Amino acid sequence: MSTNKWPKRLAIVGAITLVVSITVFVSYSDDMESATDPSLNNVIALDGGENAEVNLSKQTSYLLFRLTDVSHNCTITEVETQTEVTIGSPSWFESDRLGEEDLLYYAIGTFVPDESGPHIIENSAEEGEMLWVVDIMDVEGSVVWMTYGGCCGILFGICLLTLALILWMKRGKNVGKAGLVMQTPDGSMVPIAPTDGTMQ
């Protein structure tokens, strides 16, 4: 009997998990979009031809974003040593970002300063070609974890509901084999033999 309750229990837990996870994901999705939008959360934004001095830390990495998928056209120089910082290509997890109004920001470069301190960042692109420098770690942790937790919860809820359906279908196939009895004229209950001739 307890085995027969598992599909129902799994279905209830799966449905609750799915509803809660969807609610969490929807609640935090706007905050997540704002937190990862380069135009709203950046170290500095430079128009083409502009430069500025910014304090950078060697304890984190930075991403460069543009609205077009082109070369970074950017120079970063440490003020104290006049050493130019090496700009590399973004890895697979340092992906493009979707901002407000469905604007796609292309990740076109990444770098880690050799030393912490003031750096000169120059956007050598044409005027109107904006450049955003983003601290990859400067995103509110709770927003990220709640959003990702909602995604994982949705997947987990779907898996539970699928498992419940499989167990329910399997139970239905075994109904004809499980403990069938017949009442005799004298009122006693006797088991009915299955088609293979064995007694229940």
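Undergrad: What am I meant to see in a negative patch on the surface here?
TA: On the surface, a cluster of negative charge is made up of Glu 50, Glu 126, Glu 127 and Glu 129. Looking at the secondary structure, you find Glu 129 in the loop between strand S7 (117-123) and strand S8 (131-135). Under the relative-accessibility criterion, Glu 129 is labelled partly exposed at 30%.

Undergrad: Quick question: what am I supposed to make of unusual backbone geometry here?
TA: Leaving glycine aside, a negative phi is the common case for residues, and trans is the common case for peptide bonds. Within the chain, Asn 73 stands out as a residue other than glycine whose phi angle is a positive 45°. In this structure, Asn 73 sits in the loop between strand S3 (62-66) and strand S4 (74-78). What makes Asn 73 partly exposed here is its relative accessible area of 32%. The phi dihedral of Gln 82 falls on the positive side, at around 60°, and the residue is not glycine. Owing to a relative accessible area of 57%, Gln 82 belongs among the exposed residues under this scheme.

Undergrad: Just to check I follow, could you spell out the pairing of S3 for this structure?
TA: Residues in a regular strand point their side chains to alternate faces of the sheet. Taking burial as the measure, the five residues of S3 include five buried ones, the bulk of the element. Covered by surrounding structure in S3 are Tyr 62, Leu 64 and Arg 66 together with Leu 63 and Phe 65, the residues of both alternating faces. With four bridges connecting them, S3 and S8 associate as antiparallel partners. In the sheet register, Phe 65 faces S8, and the bridge partner there is Trp 132.

Undergrad: So what exactly am I meant to see when it comes to the nonpolar core here?
TA: Within soluble globular proteins, side chains that are nonpolar tend to cluster in buried spots. In terms of nonpolar packing, the biggest core is built from 16 residues, with Leu 64, Ile 76, Phe 111 and Ile 121 touching the most fellow members. Secondary-structure elements contributing two or more residues to this core are strand S1 (44-46), strand S2 (51-56), S3, S4, strand S6 (104-111) and S8. Here the element with the most residues in this core is S2; it accounts for three residues. Residue contacts for Phe 111: discarding those within four places in its chain leaves Leu 56, Ser 61, Tyr 62, Leu 64, Ile 76, Val 85, Thr 86, Ile 87 and Val 133. In terms of nonpolar packing, the next biggest core, distinct from the first, is built from six residues, Phe 65, Ala 107, Trp 132 and Val 134 among them.

Undergrad: Quick question: what am I supposed to make of the sheet that holds strand S5 (residues 97-98) here?
TA: In any sheet, the strands associate via hydrogen bonds between backbone groups, in a parallel or an antiparallel arrangement. The antiparallel open sheet is built from five strands, whose spatial order is S1-S8-S3-S6-S5. The strands lining the two open edges of the sheet, one partner per strand, are S1 and S5.

Undergrad: I tried to follow the sheet that holds S7 on my own but got confused; where do I start?
TA: With antiparallel pairing, the three strands of this open sheet are ordered in space as S2-S7-S4. In the strand order of this sheet, the two ends are held by S2 and S4, each with one partner. If you compare each strand with its neighbour and ignore which way they point, the axes differ by 25° on average. Pairing between S4 and S7: five bridges, direction antiparallel. The partner of Thr 77 across the bridge, within S7, is Ile 120.

Rules used in this analysis
- Residues numbered from 1 in each chain as written.
- Predicted model: local features only at pLDDT ≥ 70, side-chain atom pairs only at ≥ 80, totals over all residues.
- Heavy atoms only, no water.
- Patch = residues over 30% accessible without salt bridge, like charges linked within 9 Å, V, L, I, M, F, W, Y side chains within 5 Å.
- Areas by Shrake-Rupley, 256 points an atom, 1.4 Å probe, with all protein chains shown as cover.
- Salt bridge = Lys/Arg side-chain N within 4 Å of Asp/Glu carboxyl O.
- Lys, Arg positive; Asp, Glu negative; His and termini not counted.
- Charge placed at Lys NZ, Arg CZ, Asp CG, Glu CD.
- Helix = DSSP H or I, 4+ residues; strand = E, 2+ residues; numbered from the N terminus.
- Buried < 20%, exposed > 50% of the residue type's maximum accessible area, 1.4 Å probe, protein only.
- Pairing = 2+ DSSP bridges.
- Core = buried A, V, L, I, M, F, W, Y, C linked by side-chain atoms within 4.5 Å.
- Contact = heavy atoms within 4.5 Å.
- Axes fitted to C-alpha atoms, helices over the stretch in contact; angles between N-to-C directions.

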